[in-house]
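Commentary on secondary and tertiary structure
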Amino acid sequence: MNSDLFIQRRTALSLLGALAAGPALAQGGAAPQAVRIGYQKSSTLIAVLRLQGTLERAFAPLGLKPTWHEFTSGLPLLEALNLDNVDVSADVADTVPVFAQAAGAQLTFLAQEAPSPAAQAIVVRSDSPLRTVADLRGKRVGFAKAAGVHYLLLAALAKAGLGFKDIEPAYLTPADGRAAFERGAIDAWVVWDPFLSAAQIQSGARVLADGTGLASYQRYYLASTRFARARPEALSVLYAELEKTGRWVKAQPKEAAALLAPFWGLDAAVVEQANGRRSYAVRVVTRERLGEQQRIADAFLAEKLLPRRVDALDVDLFKPGAAS
């Protein structure tokens, strides 16, 4: 009788243990949760992480996996982030968050790349009679709206004594801009790397002015505030991998170019030149480092390109490692 009672009790305890373990087993066996990462062609570090499978490995212990979503430029990428169609944005030019803020987007700044002013420029064809930025008066200039080059153009025009009203703007994606540039449908093109290097090396484009002394060109990684609050450990992992990858790209320029060239559909020499002009120095975003953001916002407001004034410091900043 005692033996039967012991068996009954042990069986009951085993059942209770199985029931208690059930949710944990189910959780462990569940499919990883997707982290939707939006990127564009110029998102170098994210491209390297994708090609090397780094985030798949880094996210696995968290029960996460990356999914990849390409955009033509920064503005539609941040619009998708604001609409909860992606969770994280790869680097976008410093101008893009300003437009997103003006639209009321709830974004969290994850990381910043240190300045790379020479990685964007105003270019003309090799046979163009235009020699200075002042020569752009009355000319048709192509560029991507709200991209970093948009601010570079405003700054360059102002330095030359011109305003935005003095040119004929043509809002074009990089692919459309390249086609328009080569067939002479635009007089000048304002573009960033790697498209800039491709135009120089493959089409002989001539630089009228780059960002030196005009626009720092700092690129930002962002997340939706909802995702940043829900999965801070994922963002800490992503930040650490971006930092390491930035150092690797600068330390191994030829290896990085060979990796990226087929992915981008560009020659390795083009990629290596483009990477040489980007800092890829990933760092924490602080309010002290957002000073130029206000100048950018004010410049766009003055040209009536923003619907309202933007306080560039009124943003959420992520602190990597805080929740690791």
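These lines cover the structure that appears in this document, whether it is placed above or below. The structure presented is a predicted model; accordingly, all values stated were derived computationally and were not measured.

Another point: the sheet that holds strand β9 (residues 206–210). Strands sit in the order β7-β6-β8-β5-β9 across an open sheet of five strands; the sheet is mixed. On the outer flanks of this sheet lie β7 (168–171) and β9, each paired with one strand and no other. Neighbour-to-neighbour, the strand axes of this sheet turn through a mean angle of 25°, independent of strand direction. Pairing geometry for strand β6 (residues 140–143) and strand β8 (residues 188–192), over two bridges, is parallel. In the sheet register, Val-141 faces β8, and the bridge partner there is Ala-188. Contacting β5 (120–124), β6, β7, β8 and β9, helix α6 (residues 148–159) runs over the sheet at an angle of about 70° to β5.

Attention now goes to the layout of surface pockets. Approximately 250 Å³ is the volume attributed to the largest pocket. As for the largest pocket, its lining consists of 13 residues, of which Gln-101, Ala-105, Gln-106, Asp-314 and Val-315 are closest to the centre. Along the lines of polarity and charge, the residues of the lining of the largest pocket split into five nonpolar, four polar and four charged.

Cut-off values and rules
All residue numbers here refer to positions counted from 1 along the written sequence of the relevant chain. Two thresholds apply to this predicted model, a pLDDT of at least 70 for residue-level local features and 80 or more for giving and counting side-chain atom pairs, whereas whole-chain, interface and lining totals are computed over all residues. Side-chain measures here rest on the full set of heavy atoms in the structure, leaving out hydrogens and waters. Two strands qualify as a pair provided that DSSP identifies no fewer than 2 bridges between them. Numbering goes from the N terminus for both helices and strands, where a helix is a DSSP run of H or I of at least four residues and a strand is a run of E of at least two. Whenever a helix is involved, its axis is fitted only over the stretch in contact; in every case the axis is a line through C-alpha atoms, and angles between N-to-C directions fall within 0 to 180 degrees. By definition, residues are in contact when any of their heavy atoms lie within 4.5 Å. Put plainly, a pocket is an open set of points on a 1 Å grid over the protein atoms alone with protein on both sides within 12 Å along at least five of seven lines, a cavity is a set where a 1.4 Å probe fits but cannot get out, and a lining residue has an atom within 4 Å of a point. Grid points are joined across faces, edges and corners, and a volume is the space filled by probe spheres set on the points. Charged means Asp, Glu, Lys or Arg here, nonpolar means Ala, Val, Leu, Ile, Met, Phe, Trp, Tyr, Cys or Pro, and polar covers whatever is left, Gly included.

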